[in-house]
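Descriptive structure summary
Listed below are the residues making up each chain.
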Number of protein chains: 2
Amino acid sequence: MILCDIGNTHLHFYENSKISTYTPQNLPPKLEGAVFFISVNTQHTQALLNICPQAQDIAPLIHLPTSYQGLGVDRKAACLGLGSKSGVVVDAGSAISLDIMENSQHLGGVLLPGLSAYQKAYKSIAPILDQPLDRDIDLEQLPQSTAQAVSFGTLQSVLLLLKKVIGDKQAYFTGGDGAFLARFFPKSVYDPLLVFTGMQRALKQ
Amino acid sequence: MILCDIGNTHLHFYENSKISTYTPQNLPPKLEGAVFFISVNTQHTQALLNICPQAQDIAPLIHLPTSYQGLGVDRKAACLGLGSKSGVVVDAGSAISLDIMENSQHLGGVLLPGLSAYQKAYKSIAPILDQPLDRDIDLEQLPQSTAQAVSFGTLQSVLLLLKKVIGDKQAYFTGGDGAFLARFFPKSVYDPLLVFTGMQRALKQ
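Below is a short write-up of the structure. If you're wondering where the values come from, they're calculated on a predicted model, not measured in any experiment.

1. Some details on the interface of chain A and chain B
The interface is formed by 38 residues belonging to chain A together with 37 residues belonging to chain B. Where chain A abuts chain B, roughly 3,200 Å² becomes buried across the two surfaces, and 68% of that area is made up of carbon and sulfur atoms. For the chain A face of the interface with chain B, the top three residues by lost area are Leu111, Ile125 and Gln144 of chain A, together amounting to 19%. Summed over the shared surface of chain A and chain B, the result is zero salt bridges. Our enumeration of links across chain A and chain B arrives at 18 residue pairs in polar contact (both at pLDDT 80 or more). Sorting the residues of the side of chain A that touches chain B by element identifies β7 (95-102), β8 (105-113), α3 (115-125) and α4 (146-166) of chain A as the ones contributing at least two each. Of all the elements, α4 of chain A adds the most residues to the side of chain A that touches chain B, at 11 residues.

Structure representation (structure tokens):
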């Protein structure tokens, strides 16, 4: 059995306890056997169906108690991945989503651009702001160059929002930048499988 | 005498105590008399010189004591606009710049995308994230929709960074979104003329 989480940049596959990540352009030519997917991007869904016509969309099986309008199926699956645990799910990919779970209820959520979207946003303003994110930037020192100012702005603003929303709750990080951001929260958990665990729970119910 | 501050989106003119704002595409056909400008965008500079070949770049007159590498001339001018006052200059335009001045010295600065750049960043991730910024979003309530989640993420992360950098210092806001952001800082000053005041100081020296 293969599980597939189709995002806005990548397709993530989970098989035999292993995650493989592809862009829609570099997918394998064929996928055999049972494939279950969720997707937030219809174009990328089509790319999967082209190589794997038998793949099944399990979105109808993903049920999360919430009053939030328009919660993405990947965010629902990640929240289901918590099981009965309460806390904040931070999925840091193309976007950074924060979702608050308490007693198996979804209480609300917040969205930020993903770290690479920040870089593109600066670049779109002026060529001189096209600077790589320095992930080791010292957040205790005032920046002394454009490169530092951009990295400090991105990281400090994202981390301050995360701290504000997380408060003293337990945080569960996932997604491509999840391991990096989790480092700033010593009591947090990094779980790259959160979405897939949620998909497995939905399939078993 | 006309002063002109050429940014990455707009050209701002100051004449007879009045500011007029243009895009490079809708400039008046001609400008007469003495025109002094600073610019962070060479293409837009050319647009000004096309309608006003006599305009003079006063960047060489803008001197600000700093160890910051690559500080934009508009940020220098805004800091000079403080005169001998200490505090944080927040220029909220295409980008949001924060610059810390103490005893007429520039101590460092931070950059964030401008509010409209945030909107474009979300839009570039997924069509569903293309949401207008709700400037009245309640920052005390957890968002319950994608539209709320995006506005909350933008505003809360920007404001938390501003609060962190400003601390108990005096803040001086300028730029297109300066009046709006200043509202969240009751003891702050909104001064749309900060850059022009700095240019005038440089011309008088």
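2. Concerning helix α4 (residues 146-166) of chain B
All names here are of chain B. Taking 1.5 Å of rise per residue, the 21 residues of α4 would be expected to cover 30 Å, and the 30 Å separating its terminal C-alpha atoms lies within 8% of that figure. Counting buried positions along α4 gives 17 out of 21 residues, so the element sits mostly inside the fold. Gly167, located one to two residues past α4, shows a positive phi value of around 55°.

3. A short note on the relation of the copies chain A and chain B
Taken as rigid bodies, chain A and chain B are interconverted by a rotation of 180° and an axial shift of 0.0 Å, the fit giving an RMSD of 0.0 Å. The operation mapping one copy onto its partner corresponds to a two-fold rotation axis. Here 97% of the contact residues of chain A are again contact residues in chain B; the copies associate through an equivalent surface.

Cut-offs applied
- Residues numbered from 1 in each chain as written.
- Chains lettered and ligands numbered in written order.
- Predicted model: local features only at pLDDT ≥ 70, side-chain atom pairs only at ≥ 80, totals over all residues.
- Heavy atoms only, no water.
- Contact = heavy atoms within 4.5 Å.
- Buried area = accessible area lost by both parts, 1.4 Å probe.
- Salt bridge = Lys/Arg side-chain N within 4 Å of Asp/Glu carboxyl O.
- Polar contact = N/O pair within 3.5 Å; in protein donor to acceptor, adjacent residues only side chain to side chain.
- Helix = DSSP H or I, 4+ residues; strand = E, 2+ residues; numbered from the N terminus.
- Expected span 1.5 Å × (residues − 1).
- Buried < 20%, exposed > 50% of the residue type's maximum accessible area, 1.4 Å probe, protein only.
- Least-squares fit on C-alpha atoms with pLDDT ≥ 70 in both.

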